[in-house]
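Understanding the architecture of this molecule
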Amino acid sequence: KRNQDGLYELTLPGTSIVRRGATFCAAANCGFQTLGTAVMPGRVGWLLTKECFTGRKPDGTPSPLRYFRPWNYVHDSFMGTCPIEARTEVSQRLETVMIEGAQPFLPDVTVRCETVAMTRWSKSAKSKMVNGELSLWTG
């Protein structure tokens, strides 16, 4: 809905949040951008956090995420900590939860994600499997 100032007011898709004062371009981009940067990551973050603190998958079986504790989300990356020896099973479950959590918002898109185990955060870190185990990137 356009107001007297030529700016727009709209409800963010998948939420009851109202955005006011949006320019035409921001309003036109809002439907996609909101899903990708707020609604979908919010849902995935909730699923990850719920499973790590309950220690159970939705089917009630024990989850490897009981060893994981999220501590940050930046742009498109969830960050957390877990015991080094649990990194492979935790990373596999993280990827599954992230993909399944995103799928309802992107039904026609093949969703992929990649976990990286590292001793310190770096944008340069790479994911690498060695003999079925997630390699620990040390820089």
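The shown structure was predicted, so the numbers you read here are calculated from the model rather than taken from an experiment.

So, on to the pattern of salt bridges. Under the defined criterion, the tally for this structure stands at 2 salt bridges. Arg 20 is the salt-bridge partner of Glu 9, the closest N and O atoms lying 3.4 Å from each other. Taken together, the residues Glu 9 in strand S1 (residues 8-11) and Arg 20 in strand S2 (residues 18-22) connect sequence positions 11 residues apart. Given the relative accessible area of 59%, Arg 20 is considered exposed. Among the salt bridges present, the one from Arg 93 reaches Glu 51, with a minimum N-O distance of 2.7 Å. Of the two residues, Arg 93 is situated in helix H2 (residues 87-102) and Glu 51 in helix H1 (residues 24-54); the sequence distance between them amounts to 42 residues. Glu 51 shares its class with Arg 93; the two are buried.

In this structure, Lys 1 sits in the segment before S1. The exposure class assigned to Lys 1 is exposed, which follows from its relative accessible area of 66%. For the pair formed by Lys 1 and Lys 123, sequence separation is 122 residues and the distance between their alpha carbons is 40 Å. Not counting residues within four places of it along the chain, the set of residues in contact with Lys 1 comprises Leu 7, Tyr 8 and Glu 9.

Only one face of S1 is buried: it carries Tyr 8 and Leu 10, and the other face, with Glu 9 and Thr 11, is open. Relative to S2, S1 runs antiparallel, the two sharing 3 bridges. In the strand pairing of S2, Tyr 8 is matched with Ala 22. Where S1 folds back on S2, the antiparallel hairpin that results is connected by 6 residues, among which Gly 14 adopts a positive phi of roughly 75°.

Core analysis: the largest hydrophobic core is formed by 13 residues, its most contacted members being Val 44, Leu 48, Leu 65, Phe 68, Val 90, Leu 94 and Met 98. In terms of residue count, the dominant contributor to this core is H2 (5 residues). Here Leu 65 is in contact with Leu 48, Glu 51, Cys 52, Val 90, Arg 93, Leu 94 and Val 97, once residues within four sequence places are set aside. In terms of nonpolar packing, the next biggest core, distinct from the first, is built from 7 residues, Tyr 8, Ala 22, Ala 27 and Cys 30 among them.

Of note in the backbone geometry, Asn 131 takes a positive phi value of approximately 55° without being a glycine. In this fold, Asn 131 is placed in the loop between strand S6 (129-130) and strand S7 (133-134). The class for Asn 131 is exposed, based on a relative accessible area of 79%.

With that settled, consider the packing of H1 against H2. Viewed as axis vectors pointing N to C, H1 and H2 meet at an angle of 140°, and their least axial separation amounts to 9 Å. On the basis of their axis angle, the class for H1 and H2 is oblique. As H1 runs across H2, the sense of the crossing is right-handed. The segment H1 lies against H2, with Met 40, Arg 43, Val 44, Leu 47, Leu 48 and Glu 51 engaging Arg 93, Leu 94, Val 97, Met 98, Gly 101 and Ala 102. For the contact of H1 with H2, the class distribution of residues is 8 nonpolar, 1 polar and 3 charged.

The rules we used
- Residues numbered from 1 in each chain as written.
- Predicted model: local features only at pLDDT ≥ 70, side-chain atom pairs only at ≥ 80, totals over all residues.
- Heavy atoms only, no water.
- Salt bridge = Lys/Arg side-chain N within 4 Å of Asp/Glu carboxyl O.
- Helix = DSSP H or I, 4+ residues; strand = E, 2+ residues; numbered from the N terminus.
- Buried < 20%, exposed > 50% of the residue type's maximum accessible area, 1.4 Å probe, protein only.
- Contact = heavy atoms within 4.5 Å.
- Pairing = 2+ DSSP bridges.
- Core = buried A, V, L, I, M, F, W, Y, C linked by side-chain atoms within 4.5 Å.
- Axes fitted to C-alpha atoms, helices over the stretch in contact; angles between N-to-C directions.
- Parallel < 35°, antiparallel > 145°, perpendicular 65-115°, else oblique.
- Left-handed = near helix turned anticlockwise from the far one by under 90°.
- Nonpolar A, V, L, I, M, F, W, Y, C, P; charged D, E, K, R; others polar.

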